Amino acid sequence: MYFDYFNVFVFLTTGLLFVFANMIVGGLVRPQKPTPEKLSPYECGEDVIGDSWIRFDIRFYTTALIYLIFAVEIAFLFPWALVVREIGMLALVEGFTFVAILLLGLVYVWVKGDLDWVKTYNASVKGGTEVEDRPAADIHGGPLPVELLQAAGVGPTITEQQTKGEKGHS
Amino acid sequence: MELLFFLLFAGLAIAGAVATVWMRYVVHSAFALMGTFLGVAGLYVLLGADFLAITQILIYVGGILVLILFGIMLTPPDRTERNAKRVIGFSASLVAIALFLAVQIGSVVRWAEKSNLEAPKATAAPIGRELLRPDGYLIPFELVSVVLLVALIGSVFIARRRKAVRVDDSSTAAILAERGTLQQKAGA
C-alpha cells in the first residue's frame, strides 16, 4: 500500500528517536549537580551580556522573503523536470521562460542591493544621519550597541552626512 | 493501519494548532506551528497527494515558518507573557468548534468514508504533464512565474521601506542624541 511513504516515515521516526533517545539516556545517566554558574548560558567563558532575544536585522527577513519565492519556483520546477525529456522542446522552452521571468526578480533584488549583506544604514530619518555598519561589528547580523563597541575600542564611526533619503540603496 | 496513521497526523496537526494558540511565548507558538504543518503534510500523503506533501514541507516548514520566526525576531523583544483572558479564548474556541460541527452536520456534502482506491501513485509526473500541455495548464504555469515575480518585487519593496531605523527605537535615538552632543562639543 503506502510502502514508499512508509520508508520515509521510518526514516523520520528513526531520526527523531535517535535525538530524543540519546537525550533521555544522557539525562538518566549523567550526574546532576547544578550550580548557578553551570546553569548560565555559556559564552566562551565570558559573563553573559544583554538579552538572548536580540532584534534580528531586517536583512534576514528580506533574504527569507527572496528565498521563499525561489522555493516556490523550485516546487514548480520539480514536476517540470520529471517530464521535460518526455515532452521535449516545448517543455524546455517553457521551463526556461519560467526561469527567465523569475530571473528578472533576482536581477531586481541584486541591482537594488537587497542581497548586499554589508550596507550603509540610514539610521535616522531626521537629519539624515548614517551609521556605517561595519562587518567586524556584525556578528549577530545587526549593529551592536555603539557604546559597547566604543568601550572595546572598536566603535564604528558615525558620519554625519547630509544625504537625502535612502541614497544608493533604494 | 491507515486509520492509525491518520490519527497520528491529525493529532499532530491539531496538537500543533492548539499549542500555537496556547503557548505564552510567541516563539514557542511559531515552533508549535511546525507540528501543524508537518501533520498536514502527513495527511496529504494519506490522501495520495505526495507532491503536495513535499511542497508543504518545502515551502511551509522550510520557508514560511522561517519567515515567521524572522518576523518575530525583528519585532522588539516582548517579555510580557500573553496574559489574555484564557476564559474568553476558551469559550471563543468552543463557539468555533460548535459552529464547525454545525456546518459539518448541516452540510449536504457526503464525504467518502472509506477509500476503495488503489495504492496512490506518484503525482509529480502527471502534474508536470498537465502543466506543460498546451491545452492544459501551460499558460497558467507561465503566469505563475509572473505572479511570483510580482510577489518578489512587491514584498522586497515593502520590506525595504522599513529599513531606516526608526527614531522611536529608544537605544538608537539615545546613541544618536549623545553622538550629536559630542560632535557639537567637538565642533565648539
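Refer to the structure presented above.
For every chain, the first residue of the written sequence is number 1, and numbering continues from 1 along that sequence. All chains are assigned letters beginning at A, and all ligands numbers beginning at 1, according to the order in which they are written. Confidence filtering applies because this is a predicted model: local features only for residues at pLDDT of at least 70, side-chain atom pairs given and counted only at 80 or more, and all residues used for totals across whole chains, interfaces and linings. To get the side-chain values, all heavy atoms of the structure are used, and hydrogens and water are removed first.

## Quick notes on the overall build of chain B
How we decide: Elements are defined by DSSP. Helices are runs of H or I of four residues or more, strands are runs of E of two residues or more, and each kind is numbered from the N terminus. Note on classification: 1.4 Å probe, protein chains only; a residue is buried when its accessible area is under 20% of the maximum for its type, exposed when over 50%, partly exposed between these limits. Residue contacts follow a heavy-atom distance rule, with two residues in contact if any of their heavy atoms lie within 4.5 Å.
Along the backbone of chain B there are 7 helices and 0 strands. Listed N to C, the secondary structure of chain B is α-α-α-α-α-α-α in terms of helices and strands. Within chain B, buried positions represent 31% of all 188 residues. Partitioning the intrachain contacts of chain B with sequence separation of at least 6 by distance along the chain shows that 60% fall at a separation of at least 24.

## A look at the nonpolar core
Defined as follows: By nonpolar core is meant a set of buried Ala, Val, Leu, Ile, Met, Phe, Trp, Tyr and Cys residues that side-chain atoms within 4.5 Å join together.
Core analysis: the largest hydrophobic core is formed by 27 residues, its most contacted members being Ile66, Trp80, Phe98 and Leu102 of chain A together with Leu132, Leu148 and Leu152 of chain B. Secondary structure elements with two or more residues in this core: α3 (58–87) and α4 (89–111) of chain A together with α3 (50–74), α5 (124–132) and α6 (138–161) of chain B. Among the elements that line this core, the one with the most residues is α3 of chain A, at 13 residues. Other than its neighbours up to four places away in sequence, Phe98 of chain A contacts Glu73, Phe76 and Leu77 of chain A together with Phe141, Glu142, Val144, Ser145 and Leu148 of chain B. One finds Trp53 of chain A together with Ala30, Leu69 and Ile72 of chain B within the second-largest nonpolar core, a separate group that totals 5 residues.

## Focus: the packing of aromatic side chains
Going by this rule: Stacked, tilted and edge-to-face pairs are distinguished by plane angle, under 30 degrees for stacked and over 60 for edge-to-face with tilted covering the rest, among Phe, Tyr and Trp rings (Trp via its six-membered ring) whose centres lie within 6.5 Å.
Tallied over the entire structure, the rule returns 10 aromatic pairs over all chains. The interplanar angle of 90° and the centroid separation of 5.9 Å between the aromatic rings of Phe6 of chain A and Phe5 of chain B together place this pair among those described as edge-to-face. Taken together, the residues Phe6 of chain A in helix α1 (residues 3–29) and Phe5 of chain B in helix α1 (residues 2–22) connect one chain to another. Of the residues examined, Phe6 of chain A reaches a relative accessible area of 33% and is grouped as partly exposed. Among the aromatic side chains, those forming a connected cluster through ring pairs are Phe6 and Phe9 of chain A together with Phe5 and Phe9 of chain B.

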